[in-house]
Structures are given as C-alpha cells and as structure tokens.
Amino acid sequence: MTEALRASVDAILNRSVTAEAPVPGVVAMVTDREGNIYEGAAGKRRIDQDTAITTDDVFALFSTTKAFTATAALQLVEQNRLDLDAPAGKYVPELGSVQVIEGFDDSGEPVLREPRRDITTRMLLTHTAGFGYDFFNEKYRRLAEEKGQPSVITATKQALDTPLLFDPGDRWEYGSNLDWCGRVIEAITGDRLGDVFSAGIFEPLGIESMTFELDDTRRADLAGMHARNSDGSLSAMDFELPSPPEVHMGGHGLYGTVGDYMRFIRMWLNDGKGGHGQVLRPETVRMAVQNHLGELPVTPLPGVIPSLSNDAEFFPGISKSWSLPFMINNEQAPTGRPAGALGWAGLANLFYWIDRQSGYGGFWATQILPFGDPTSFGGYLEFESALYASLGR
C-alpha cells in the first residue's frame, strides 16, 4: 500500500504546485497508529525565493490549534478541576457579563441584551456559546469596520471583547470560542496556555516545534504566507502573528511542523497514548469524540471578508456534527472517509482528518489566503481520497 500511496500523493502534490492557479508549496503526511506511512513536500517556501519547502518547515497552524486547547480542557476534566457544564463565568468572570447583539440601531450602534442562559465550557468547545469571527459573520464584520473591533489575529484581550450572536446553546457558529476556552484553562491552572500545552501535551507526545511565540530558529524555517489574487496568481505576504502575543490564543495561535502535528493525530488514534506517556484516558477519548451537538447541525461557513475566506463547507449535502475537539461527518464522505470520522482545518488552507475506525489520519498544509482556496482544498480532497483508494474503498 505504501508505494502505491506514495506515487499517488506525490503526483497530487506536484499537480497542486504546477496548476493554472498553483499553490506555492505544500506538505502532506499520512499516519497509521504506529507512525507516518507517507511524508511529502512540493513547491517553494515562498514564491519570491528559491528555497524549496520541506517536511521540516514550520507553519502557522491557525484553527488546527483548537484541538490542542480542547485536549487541555479535557485533561482538567479528568483532574476534576473543570466542570464542562458549570457557568464558564465561574472561571473567567468576563464570560458572565457578555451580551447578545440583536443588530444595529438607526445610528449604527449595536443593540445589545442580556443572554437567556449562561455560557458553559462545553458550549465553548462545541461552538455553541454564541461567539463568531468577523470573516464569517456580517455583524462581527460591521463591528470591526465601523467600531474598530480588533481582529483575533492581533492576539489581544480586546480582540475577544465581542458580543454573542445568539443565546448560548441555541445553535452552532464557528468563532472565537476556543480562545475563550484557553482563558478558562489559564484561569484554572494559573499558567499560560503554552506552558500548559508544553507540560501536558507536547512532552508526552514528543512535540518539539510547537509554540505560541516564534523564536529565530523556528522563524528561519517558517513557510511563507501568500494571497491568492483575482487572476489566480499568488503574492507573497510578510505575515506573522504577534510574537510574543498578549494572549496565547487557543483558537488559532500555534506554530509548528506537520510532523509534530502527526504525533498529536496518533494520540487520538491510540486512545490518548503518546510516544512518551498518556495524554488522555481511553474513556475520555471515547467520550470526547462522540457527537456533543445533539440535533444541531454544523453549517456552512460564509466568507464575508473575501481576502480572508471564500464561502466554505466540508462535504456539502452530508450531515455534520461536532465532538468536543473535532467536526464529525455523520455519513461516509465522497473521499471514502467513513461516517464518524473526525477532522477540521486552519485559515491558511490547512486540513486534517482522523479516522479512528480504520486507524489512519492525515494532514495537508499550505499557507494561502483566503480560506477555501480551490486548488488547495481540491488537492486535499484528492489526497484524502488517495489514502482510501489505497485501502480499496
């Protein structure tokens, strides 16, 4: 299987970097429960430089950070230090005073009211607390453009000072929930989120590259960010999240290599066991990967800031729910991914999946904006399909 898979995925990577609207560079890996069975890279680190991208390059991981924050929260649940269903304001008082925005009045001022129920940490984990993102929600976009609300990529406390879009628990909406969850974790532990990750997750997994705070060594291996232009061409961007940040943003702030992310994926394939110790108990893993949304659906992501995101959706027409760390596809996907598998993405067109049933997972990493880039997303779907084709599906 491995040689056939290598030939197939190598061809996909090469097509992606030579397409009419190419990706600048891409790294992709597949793992089983024991270790990586495919590692590949194609293209350049930056299109305005001659350096080839490599499997050791460091990426801005964006929302693929969220699953690490969920893992740290689950560790606190195991320690009986976090009650997922208690008001989150118990841990972070600001969460007890957030109001719901109903719209804007005739003078353009936000119309706010008290929420009908408390936010819980479970709601933060499942994206049902009511928080959104300005690139996926029109009300937040207006707050940013008309009221100067800072973007979450500023990594400031003020960036999280946003109203709720609906009463907590009413529906699913993707947003800054895991940034707030990170603050819950910090309030309970008394430590910065990066230190919590280092001791509780990175060390038992053998992860060495990941950080909220870039240093010169990691910066030297950083894959460059790019913008997709209207004609399909690319422009290199001098982009970097604030370092050091005011807030370790649990929703999007990590940098790291794809190889280290695969160690995290293997932990979920192996019932919480890492290469150097147990991260989560097996029963916690089994609980966490179940549907925690109930009948609420995961809905499409409307791109309201075109430079940051296109309209995007995984597997249109297929029912999707949310576990505590991941999206769940409730039906078999066209790629061959079985019902009940897990996965998600990051803003710069990073995508991963975890198939606990079959024992495989994969990660596809580029650094392109806006999200939902057709070449990158299409290449990722081909990549996932190649794995399942090699399994005879």
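Above this note sits the structure.
Residues numbered from 1 in each chain as written. Predicted model: local features only at pLDDT ≥ 70, side-chain atom pairs only at ≥ 80, totals over all residues. Heavy atoms only, no water.

## Looking at the packing of aromatic side chains
- For the coordinates displayed, the defined rule picks out 36 aromatic pairs.
- Where Phe-131 meets Trp-180, the ring centres are 5.7 Å apart and the plane angle is 20 degrees; that geometry is what we call stacked. Within this pair, whereas Phe-131 is found in the loop between helix H3 (121-126) and helix H4 (138-147), its partner Trp-180 is found in helix H5 (residues 177-189), the two being separated by 49 residues in sequence. Take Phe-131 and Trp-180: they sit in the same class, and that class is buried.
- The ring of Phe-104 has Arg-142 sitting right over it, with the charged end atom 3.9 Å from the ring centre. (Phe/Tyr/Trp six-rings, centres within 6.5 Å; stacked < 30°, edge-to-face > 60°. Helix = DSSP H or I, 4+ residues; strand = E, 2+ residues; numbered from the N terminus. Buried < 20%, exposed > 50% of the residue type's maximum accessible area, 1.4 Å probe, protein only. Lys NZ or Arg CZ within 6 Å of the ring centre and 35° of its normal.)

## Quick word on the layout of surface pockets
- Empty space within the largest pocket amounts to approximately 220 Å³.
- Put simply, the second largest pocket is a space of about 160 Å³.
- Taken together, 13 residues make up the lining of the second largest pocket; nearest its centre are Gln-75, Leu-76, Gln-79, Val-196 and Gly-200.
- Of all elements in the fold, only helix H2 (66-78) and helix H6 (193-205) reach the threshold of two or more residues within the lining of the second largest pocket.
- The class makeup of the residues in the lining of the second largest pocket is 5 nonpolar, 4 polar and 4 charged. (1 Å grid on protein atoms, 1.4 Å probe; cavity = no way out; pocket = protein on both sides within 12 Å on 5 of 7 lines; lining within 4 Å. Points joined across faces, edges and corners; volume = space filled by probe spheres on them. Nonpolar A, V, L, I, M, F, W, Y, C, P; charged D, E, K, R; others polar.)

## Let's talk about empty space enclosed by the protein
- For the structure on display, the rule yields 4 cavities of 30 Å³ or more.
- Here the largest cavity is characterised by a volume of approximately 140 Å³.
- Of the residues assigned to the lining of the largest cavity, the class counts are 12 nonpolar, 3 polar and no charged.
- Roughly 100 Å³ of volume is contained in the second largest cavity.
- Lining the second largest cavity, in full, are Gly-132, Tyr-133, Asp-134, Phe-135, Tyr-140, Gln-149, Pro-150, Ser-151, Val-152, Ala-159, Thr-162 and Ser-176.
- Class assignment of the residues belonging to the lining of the second largest cavity gives a composition of 6 nonpolar, 5 polar and 1 charged.

## Concerning the sheet that holds strand S2 (residues 36-43)
- Read from one edge to the other, the open sheet built from 7 strands follows the order S2-S1-S15-S14-S13-S12-S11, with strand pairing classed as antiparallel. The sheet terminates laterally at S2 and strand S11 (320-322), the two strands that pair on one side only. Mean inter-strand twist for the sheet, computed between neighbouring axes without regard to direction, equals 20 degrees.
- Of the strands in this sheet, strand S1 (25-31), S2 and strand S15 (360-365) touch helix H1 (residues 2-18), which is tilted by about 20 degrees from S2.
- Along the sheet face, helix H10 (residues 374-390) touches S1, strand S14 (350-355) and S15 and points at about 25 degrees away from the line of S14. (Pairing = 2+ DSSP bridges. Axes fitted to C-alpha atoms, helices over the stretch in contact; angles between N-to-C directions. Contact = heavy atoms within 4.5 Å.)

## Thoughts on the pairing of strand S13 (residues 342-346)
- Of all 5 residues in S13, 5 are buried, a share of seventy percent or more.
- As paired strands, strand S12 (residues 327-329) and S13 are joined by 2 bridges and run antiparallel to one another. Bridge assignment links Ile-328 to a residue of S13, and that residue is Leu-342.
- Sheet analysis places S13 next to S14, joined by 5 bridges and oriented antiparallel. Note that in S14 the partner of Gly-346 across the bridge is Leu-350.
- A loop of 3 residues connects S13 with S14, the two strands running antiparallel in sequence, and Asn-349 in this loop sits at a positive phi of about 65 degrees.

## Overview of the nonpolar core
- Ranked by size, the top nonpolar core spans 132 residues in total, and within it Phe-68, Leu-124, Phe-131, Tyr-261, Trp-268 and Phe-363 carry the most contacts.
- The residues touching Tyr-261, leaving out its near neighbours within four places in the chain, are Leu-61, Thr-64, Ala-67, Phe-68, Met-210, Tyr-352 and Phe-363. (Core = buried A, V, L, I, M, F, W, Y, C linked by side-chain atoms within 4.5 Å.)

## Some thoughts on H6
- Compared with an ideal rise of 1.5 Å per residue, which puts 13 residues at 18 Å, H6 spans 17 Å between its outermost C-alpha atoms and is within 8% of the ideal.
- For H6, every residue scored as buried is listed here: Leu-193, Gly-194, Val-196, Phe-197, Gly-200, Ile-201, Phe-202, Pro-204 and Leu-205.
- If you follow the buried residues of H6, they end up packed against H2, H5, helix H8 (258-269), strand S9 (273-274) and strand S10 (277-278).
- Positive backbone phi, approximately 75 degrees, marks Gly-206, located one or two places after H6. (Expected span 1.5 Å × (residues − 1).)

## Re the sheet that holds strand S7 (residues 234-237)
- The strand order across the open sheet built from 3 strands is S7-S6-S16, with neighbouring strands paired in mixed fashion. Of all strands in the sheet, those with a lone pairing partner are S7 and strand S16 (368-369), marking the two edges.
- By the bridge criterion, 2 bridges tie strand S6 (residues 225-228) to S16 in an arrangement that is parallel. Bridged to Ala-227 within S16 is Leu-369.

## Some words on the side chain of Glu-186
- In this structure, Glu-186 sits in helix H5.
- Although buried, Glu-186 forms no salt bridge, and the nearest oppositely charged side chain, Arg-192, lies 4.4 Å from it.
- Reaching out from Glu-186, the side chain makes a polar contact with the backbone nitrogen of Leu-193 at a distance of 2.7 Å.
- Those residues in contact with Glu-186 that lie beyond four places of it in its chain are Asp-191, Arg-192, Leu-193 and His-248. (Lys, Arg positive; Asp, Glu negative; His and termini not counted. Salt bridge = Lys/Arg side-chain N within 4 Å of Asp/Glu carboxyl O. Polar contact = N/O pair within 3.5 Å; in protein donor to acceptor, adjacent residues only side chain to side chain.)

Any link to function would need more than the numbers given here.
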